[in-house]
Amino acid sequence: MKKVFFITSFILLIASSLSFCEGIMKFDLDIINIPFPPYQRNVTKLFETQNGLIYGIIPSSQSCSGKIFYFDRNAGIHQIQRLGDDVVQVDSIIFNPDITWTWDKTFKKIIAIDASGTLVVYEKNGPGKEILKIAGTRPFENQGFQISRAFASDTHGNLYTAGKNGILFKINPETLEVRKLEARLPAIKGREPWASLDAATTGSDGIIYLGTFDGYIASFNPETGTLVNLGKPLRQQRIQALVFLNGVVFGIGGEPDGLARWFVYDPLTRNFQLGGTLKNKENRLIYEPVNTMIVTKEGEIIGSFSGRLGCLFTIKIGKEK
Amino acid sequence: MNGFIQKTYWIFVSVFIFTIAGLTQQYKQQYIECEMFPIPESTHNGSGYTAIEVGKDGNIYVGTAYYGSSAHLVRFNVRTLKWDDIIDAHKITRETGTGLDSQSKFHAKILVDANGIIWAATKQGNENFIDRPEFGENSTGYPGGHLFSFDPKTNQVIDHGILRKQEGIMGGSIDRKRRKLYYWSDPKQHFLIYDIETGSVKDLGTIGGSPRYTAIDWKGRVFGTGRPGIIWMYDPETDKLYDLFVKLEGPGQYKDPYVMVSSLDGRKIFACAIGGEYVMEFDLDTISFASETSDTDGSIICRHVGKSYPENEKKPGDQHAGVLGKDGCFYFPNVIDKTPYLMKYNPEDGKVVCLGIITVKGNPDLRPLYAQGACTTSDGTIYMKFISAGGGKQMPYSIVRFNKLSAKR
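Here the structure is a predicted model, which is why all the values come from computation and not from measurement.

Conventions and cut-offs
- Residues numbered from 1 in each chain as written.
- Chains lettered and ligands numbered in written order.
- Predicted model: local features only at pLDDT ≥ 70, side-chain atom pairs only at ≥ 80, totals over all residues.
- Heavy atoms only, no water.
- Helix = DSSP H or I, 4+ residues; strand = E, 2+ residues; numbered from the N terminus.
- Rg over C-alpha atoms; globule rule 2.2 N^0.38 Å.
- Buried < 20%, exposed > 50% of the residue type's maximum accessible area, 1.4 Å probe, protein only.
- Contact = heavy atoms within 4.5 Å.
- Areas by Shrake-Rupley, 256 points an atom, 1.4 Å probe, with all protein chains shown as cover.
- Lys, Arg positive; Asp, Glu negative; His and termini not counted.
- Charge placed at Lys NZ, Arg CZ, Asp CG, Glu CD.
- Pairing = 2+ DSSP bridges.
- Axes fitted to C-alpha atoms, helices over the stretch in contact; angles between N-to-C directions.
- Buried area = accessible area lost by both parts, 1.4 Å probe.
- Salt bridge = Lys/Arg side-chain N within 4 Å of Asp/Glu carboxyl O.
- Polar contact = N/O pair within 3.5 Å; in protein donor to acceptor, adjacent residues only side chain to side chain.
- Nonpolar A, V, L, I, M, F, W, Y, C, P; charged D, E, K, R; others polar.
- Phe/Tyr/Trp six-rings, centres within 6.5 Å; stacked < 30°, edge-to-face > 60°.
- Lys NZ or Arg CZ within 6 Å of the ring centre and 35° of its normal.
- pLDDT = per-residue confidence, 0-100.
- Core = buried A, V, L, I, M, F, W, Y, C linked by side-chain atoms within 4.5 Å.

Thoughts on the overall build of chain A
The number of helices and strands found in chain A is two helices and 24 strands. In summary, chain A has a C-alpha radius of gyration of 21 Å against a globular reference of 20 Å for 321 residues, a match within 12%. Reported as C-alpha extents along the three principal axes, the dimensions of chain A are approximately 80 × 45 × 40 Å. Counting the 321 residues in chain A, one finds 53% classified as buried. When contacts within chain A are restricted to residue pairs at least 6 apart in sequence, those whose partners lie at least 24 apart make up 44%. Working note: accessible area of chain A is about 15700 Å², and carbon and sulfur atoms make up 51% of it. Measuring between centres, the 36 positive side-chain charges of chain A sit 5 Å from its 31 negative side-chain charges.

Laid out in structure tokens, this is it:
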């Protein structure tokens, strides 16, 4: 009997070790230098077009007017004056670092949250059209509007963001209908005014993953309207960026004054894996927060670090065997 | 025949005497002696860095490192040869952090204001350079380095607070005219400007490097090493940081400098690098804003003015400290295979010479191997700080004195 127990325990131990080993994530970070002078390298928006070109937007600052560039793996980074005619470009919005904005899926409209927390829609050659004020205020803060920093989109092209006390709003860019949903971003009692949407990504099954100002991750099913609080992967506040690839959510979080750390959420196992600080291949630590992150059609993560010497980066993740 | 033997004998004797005399002469030139003054053991655990400067009172102010505990600012009285403990960082700040979270180093250069006020700043020690648990993972965390002032006239110490949350304070240059202190934060390398008049701090963003030495020129511009191959410059007139691409003139490959000191007229910067083959001279009159690379603001010319090591050695060594002498020459130790040479670059004749192997007076067995800071008094005496280490018998953490070495001739 003792022998059977010993053998069974041994097999279980080996099996659990193997499954643990399978879970160790491999992480490769490459830095891509941006050919712009210091203070003119703070890329806040990245997007990929149908032809596979990656476009980036650098907002205006004291040191420079706004910049648009495209990034081609073979030809490098090139600055351009304007996006194509098929993309609506409103310079006062896309070059303003204090405004949260996104395109609709057709790139014919820009949906923005202005400084006072009002949803505004811009179309080609038209003035902004105010739709609805969604933001609440944050107590004890001078300019305390509770403004989300991200939009999420579902597979139909509807957009989602959070407003007062973390309540989710659904925006139909075609009809400009805005619906206040029942779902609300997670927050501990008293922190609801800080339950803003910092980052979001959509899974291949249509589930949307949301990251909050206080560092919570939640999943949201747009079909059922169900929001599930998945918890806080890091001790720090803030989720800087989220992307979905290879069936997992890859995220980077941490306060601007803290240090960026990465994590992976696996919806199958409902587990977080913590990756620690961001290091490049030379094992040098990345000190500046991440502005934005996307997954290319080729399955590569491209993102940008902020700051005076901000640069682009690529990340490859996978499981180490 | 007798005459021939006599002649040969005298020739032999002469050659022998000249050879011995020559060897003796060479022997005398090979060593340079210094006096050693160990820093009180209660104030450190064996090391300290660039924090050393001479005050207006002629005394030497030294910042120590006490890993895992509280760093101290101590004062060496050059007349009585006695030490005073001026600042116990934890006592003044009332912090109790240990390990990663302690105020365990006065690393930044000690700065002396025109009114004689001494400025010193702390940073963390025991660092985990890769994981940095003090940022967000430790329940406590390093609070951030403090800036202190000490008035030798009144013996008053003031804690001016933390300059940047959770970061240590490094570097250090002072603009006495504008009453500004310049530091950078560790680990994020942000350039910090402290306004002495208002007590306010300005953060200009990352410099892209970790320069232990920063230099200030005659215009009040501050320089340091940034990204590889780049020198950053802060210009107080525009209140901006610039990245300057280094254009090398002379032989060899450019290596980012470790030590940087401003020349007497403030128009050049003398520099040397860890393992660097050449002494460098940055010509500040060559700064150009016609940028030659798209990711910089301009360029600066750096000249390799001479080999950084003695002729009898085949390779450069460790160059961790340097200072400008009163004679306008640049003095720096170069430790090659555990032999500490003292080198001197004279910008007048453009030559680099070896002053000899550093030996300690009364302690011939000691090898002062790792210099971590230096300063020059008004009479040209150079003080250097050496950490506790040794090729044979271990040297205590000390300052050493080269009496009037750089006095004006």
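Still more to cover.
Topic: the sheet that holds strand β14 (residues 200-206) of chain B
All names here are of chain B. The strand order across the open sheet formed by four strands is β11-β12-β13-β14, and the pairing between neighbours is antiparallel. Single-partner strands in this sheet number two, and they are β11 (168-175) and β14. Adjacent strand axes in the sheet meet at a mean angle of 25° when their direction is disregarded. In terms of strand pairing, β11 meets strand β12 (residues 180-186) through six bridges, oriented antiparallel. Across the sheet, the residue bridging to I169 is S185, located in β12.

Concerning the interface of chain A and chain B
Taken residue by residue, the interface counts 24 residues in chain A and 30 residues in chain B. Both sides together, the interface formed by chain A and chain B hides about 2200 Å², and carbon and sulfur atoms give 47% of it. Where chain A touches chain B, the interface holds three salt bridges. As a salt-bridge pair, D131 of chain B and K279 of chain A come within 3.5 Å of each other at their nearest N and O atoms. For the interface between chain A and chain B, the tally reads 14 residue pairs in polar contact (both at pLDDT 80 or more). Per-class residue counts for the side of chain A that touches chain B are eleven nonpolar, five polar and eight charged.

Some words on the packing of aromatic side chains
Counting across every chain of the model gives 32 aromatic pairs over all chains. Between F47 of chain A and W103 of chain A the ring centres are 4.6 Å apart and the planes differ by 65°, which places this aromatic pair in the edge-to-face class. Taken as a pair, F47 of chain A in strand β2 (residues 45-48) and W103 of chain A in strand β6 (residues 100-103) lie far apart in primary sequence, 56 residues in all. An identical accessibility class is assigned to F47 of chain A and W103 of chain A; each is buried. Over the ring of F36 of chain A we find K67 of chain A; its NZ or CZ atom is 5.2 Å from the centre of that ring. Taking the ring centre of W218 of chain B as reference, the NZ or CZ of R267 of chain B above it sits at 4.2 Å.

Some details on the pattern of salt bridges
Residue and element names in this part refer to chain B. This model, assessed by the stated rule, comprises 29 salt bridges over all chains. Across the pair R267 and D285 runs a salt bridge, and its minimum N-O distance is 3.5 Å. Of this pair, R267 sits in the loop between β19 (259-262) and β20 (268-272) while D285 sits in strand β21 (residues 278-288), and the two are 18 residues apart along the sequence. Relative accessible area serves as the criterion here: at 31%, R267 is assigned to the partly exposed category. In this structure, the salt-bridge partner of D283 is R303, at a minimum N-O distance of 3.1 Å.

Focus: the sheet that holds strand β7 (residues 109-113) of chain A
Residues and elements named next belong to chain A. The antiparallel open sheet is built from four strands, whose spatial order is β6-β7-β8-β9. Both edges of this open sheet fall to β6 and β9 (129-133), since each of them pairs with a single strand only. When strand polarity is set aside, the average angle formed by the axes of neighbouring strands in this sheet is 20°.

A short note on unusual backbone geometry
All names here are of chain B. Between D186 and P187 the backbone carries a cis peptide bond, its omega angle lying at 20°. Phi at K338 takes a positive value of approximately 65°, unusual for a residue other than glycine. Relative to the assigned elements, K338 resides in the loop between β24 (330-336) and β25 (339-346). On the basis of relative accessible area, K338 is assigned to the partly exposed category, the value being 47%. With a phi angle near 50°, K404 is a residue other than glycine that sits in the positive phi range. Here K404 shows up in the segment after β29 (398-402).

Remarks on the pairing of strand β5 (residues 76-80) of chain A
Residue and element names in this part refer to chain A. Strand direction decides the pairing type here: strand β4 (residues 67-72) and β5, joined by five bridges, are antiparallel. Along β5, the bridge assignment pairs Y70 with H78. As consecutive antiparallel partners, β4 and β5 are separated by three residues.

A closer look at the confidence of the model for chain A
In the predicted model, chain A carries a mean pLDDT of 90, and the fraction of residues at 70 or more is 91%. Across residues 15-22 of chain A the pLDDT falls below 50, and counting only partners more than four positions away or on other chains, this stretch makes four contacts in the model.

Quick look at the environment of D114 of chain A
Residue and element names in this part refer to chain A. In this fold, D114 is placed in the loop between β7 and β8 (118-123). Note on D114: relative accessible area 19%, which makes it buried. Considered as a pair, D114 and I57 are 57 residues apart in the sequence and their alpha carbons are 18 Å apart. Those residues within four positions of D114 in sequence are excluded, and the remaining contacts are V120, E130 and I147. A distance of 3.0 Å separates a polar atom in the side chain of D114 from a polar atom in the side chain of S116.

Thoughts on the nonpolar core
Generally speaking, a soluble globular protein has its nonpolar side chains buried in company with each other. Grouped together as the largest cluster of nonpolar side chains are 53 residues, with contacts concentrated most on F223, M260, F282, F330, M384 and F402 of chain B. The biggest single contributor to this core is β21 of chain B, with five residues. If we skip the residues at most four places from it in the chain, M384 of chain B touches I52, P333, L342, A371, G373, A374, S398, I399, V400 and F402 of chain B. The next biggest cluster of nonpolar side chains, apart from the first, holds 34 residues, and it includes I54, I58, I252 and I286 of chain A.

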